[in-house]
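# Coordinate inspection notes
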Amino acid sequence: MAGRLSLPEVDLSCSICCEIFRDPVVLKCSHSFCAPCLQQYWTHGGRSRDCPLCRTQSVDDPVPSLTLKNLCEAYIQESEGLDETAGELYCDPGEMCPLHGERLKLFCMPDKEAICVVCHTSRKHKQHECCPVSEAVVDVKEKMKSALSSLHEKRDAFDKMKKNYEDTVECIQVQARFVARRTREEFEKLHSFLNAEEEARMEALRGEEEQKSRALMQKIEEITRNMASVSESIRDLEEGIALEGISVLHKCKRTLTRASSPIEDPVMAPGALLDVAKYLGSLNFHVWEKMHKIVKFTPVTLDPNTAAPWLVLSDDLTSVCDSDEKQKLPDNPERFDPDTGVLGRESFTSGKHAWDVNVGDNTAWVVGVAKESVQRKEKVSSVLKNGYLSVYFYHKMYFAGTSPLTRLNLKRNPQRIRVQLDCDKGRMSFYDPHDNTHIYTFKHAITEKVFPYFWVGCQQCPLTVEPLEVSVKAIEYL
């Protein structure tokens, strides 16, 4: 380190710390050191009071060197003055024009670069709009702050979407467990029915087998008795034939009487065998025909992926009611939020479709269809101009979802609403199925997919899609 210092600086440097003397002291051997450095050397060096340079023992205390102290202070002041002057004269190479050696004081707006005053008069930048570098720095910083704010917002959006994706993954796992449980439950019902049906058929088979086997065994016993009787008659006749003379006459009367006793010829009775065809004929069909009694079919299935977070759906996805608690669900594009709506999974673009909705004593509901393009992430009135064809019950009044709403005067409060959609004719009708009273009909062309729509504002009474009667029959050819 000493080799890098100038000669005066070497002479004014402590040989222990190699820095300019601080509170210099001189020993009897004429060597000088910083008082703190010397004291630390003696304290921590584990040596006696010797000189760090010549190792001469020092009995007397070190003497402060005022002259050396003054020289060091003067040198420090002179060095600081030179540093300030050098700082004023020094210019970062990045602030100088590489072409003209002048300081870059202007900023060319069209070319987006810093230039000097000479560059401003050159052909390249002549008549270009310029501003002082300091102003350009302020403008650029403002733009950078704006870009930074935008990136922060984008990062927050990514963070929010990442959280939504994480919630979606969790929801998928919950859905998978729910579907697996419900599937097992439904198949257990089917298995239970099939097992019971199998057992019933096997029991009937065992019963018929036992009955007919028992009847045939009785016949076999009867034939066995007849065979024994015939065999005995044969034996008597053979013995009589073997006799000679008058003995034949004495025995013939009894023997012939017994031999001539009427015995019916053995005949196989009809229906003795099992009715195999009854058990195996169209077995699957007849089981299926009986199964429809336990199978429920609803023409509309509620889609939980569209249900608002406040809605509670039944496990079989046929009924919905409102609640106070917002569920933790992914904010997927299909979901209604904040509006408390839910769609049916089925979509319609053609043909005729109908379903009944049990509204019961629900105090606030909307039933109908919604176009695929309806807004789902904002609260809008469910009227025709917003993509809905529906009827309302709200504040104990009935309305048709026209723009503006049409008040409906019904003679009775229907417990069920029948929705009938004819896509081809562009007709949407509502009836009270109790007496088939017409409620309202929309005449509106169906130009895109429409879905069954349900809105509910009541927690006590759900809206329920009614099941349809199903039947199984074979087609007869006449």
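Residues numbered from 1 in each chain as written. Predicted model: local features only at pLDDT ≥ 70, side-chain atom pairs only at ≥ 80, totals over all residues. Heavy atoms only, no water.

Put simply, the rule reads: UniProt positions are given in the numbering used here, feature names are shortened, and annotations may be inferred rather than shown by experiment.
The name given to the protein in an unreviewed UniProt entry is Tripartite motif-containing protein 35-like, with Sander lucioperca as the source organism. Per its UniProt entry, the protein bears the Subcellular location (unreviewed entry) comment "Cytoplasm". Here the protein is described in UniProt, under the heading Sequence similarities (unreviewed entry), as follows: "Belongs to the TRIM/RBCC family."

## Notes on the overall build of the protein
To be explicit about the condition: Only DSSP runs of H or I reaching four residues or more are called helices, and only runs of E reaching two or more are called strands; each is numbered from the N terminus. As defined in this context, the radius of gyration uses C-alpha atoms, and a globule is described by 2.2 Å times the residue total to the power 0.38. Here the term buried applies to any residue with accessible area under 20% of the maximum for its type, exposed to any over 50%, and partly exposed to those in between, with areas from a 1.4 Å probe on protein chains only. The contact criterion used is simple: two residues touch if any of their non-hydrogen atoms lie within 4.5 Å. Each accessible area value is a Shrake-Rupley result obtained with a 1.4 Å probe; residue values ignore everything except the protein chains displayed when judging cover. All tallies of charge rest on Lys and Arg as positive and Asp and Glu as negative; His and the ends of each chain are not included. All charge positions are set by atom: Lys at NZ, Arg at CZ, Asp at CG, Glu at CD.
A count of helical and extended segments in the protein gives eight helices and 19 strands. Relative to the compact-globule value of 23 Å for 478 residues, the protein shows a C-alpha radius of gyration of 55 Å, a clear excess of over 25%. For the protein, the residues scored as buried account for 30% of the 478 residues in total. Contacts in the protein between residues far apart in sequence, at least 24 positions, make up 57% of those at least 6 positions apart. Element-wise, carbon and sulfur atoms account for 56% of the exposed surface of the protein, whose accessible area totals about 32,500 Å². Put simply, the protein has 62 plus and 72 minus side-chain charges, and the middle of one group is 5 Å from the middle of the other.

## Observations regarding the pairing of strand β12 (residues 388-394)
Filter applied, for reference: Here, any two strands with at least 2 DSSP bridges between them count as paired.
Among the seven residues in β12, six count as buried, and that is most of the element. Here strand β11 (residues 365-371) runs beside β12; their pairing, made up of six bridges, is antiparallel. Among the inter-strand pairings, Val366 is bridged to a residue of β12, identified as Tyr392. Pairing between β12 and strand β13 (residues 397-400): four bridges, direction antiparallel.

## Examining a nonpolar patch on the surface
As a reminder, the rule being used: Every patch collects residues that have over 30% relative accessible area and no salt bridge, joining them within 9 Å if they carry like charges and within 5 Å if they are nonpolar side chains (Val, Leu, Ile, Met, Phe, Trp, Tyr). Every case where a carboxyl oxygen of Asp or Glu lies within 4 Å of a side-chain nitrogen of Lys or Arg is listed as a salt bridge.
There is a patch of nonpolar side chains on the surface, built from Leu274, Val276, Leu280 and Leu283 and spanning about 330 Å² of accessible area. By secondary structure assignment, the location of Val276 is in helix α7 (residues 276-280).

## A word on the environment of Glu73
Counting through the fold element by element, Glu73 comes out in helix α3 (residues 66-89). In this structure Glu73 comes out as partly exposed when scored by relative accessible area, which is 40%. Between the C-alpha atom of Glu73 and that of Ile294, which follows or precedes it by 221 residues, the distance is 107 Å.

## Observations concerning the UniProt feature "domain: B30.2/SPRY" (unreviewed entry) in the protein
In the numbering adopted here, UniProt assigns the feature "domain: B30.2/SPRY" (unreviewed entry) to residues 280-472. Between the end C-alpha atoms of residues 280-472 the distance is 19 Å, and the span holds 5% helix and 34% strand.

## Remarks on the sheet that holds strand β8 (residues 319-321)
With antiparallel pairing, seven strands are arranged side by side in an open sheet as β7-β8-β19-β10-β15-β16-β17. The open sheet has two edge strands with one neighbour each: β7 (312-313) and β17 (437-443). In this structure, β7 lies alongside β8, joined through two bridges in antiparallel fashion. Looking at β8, one finds that Val312 is bridged to Cys321.

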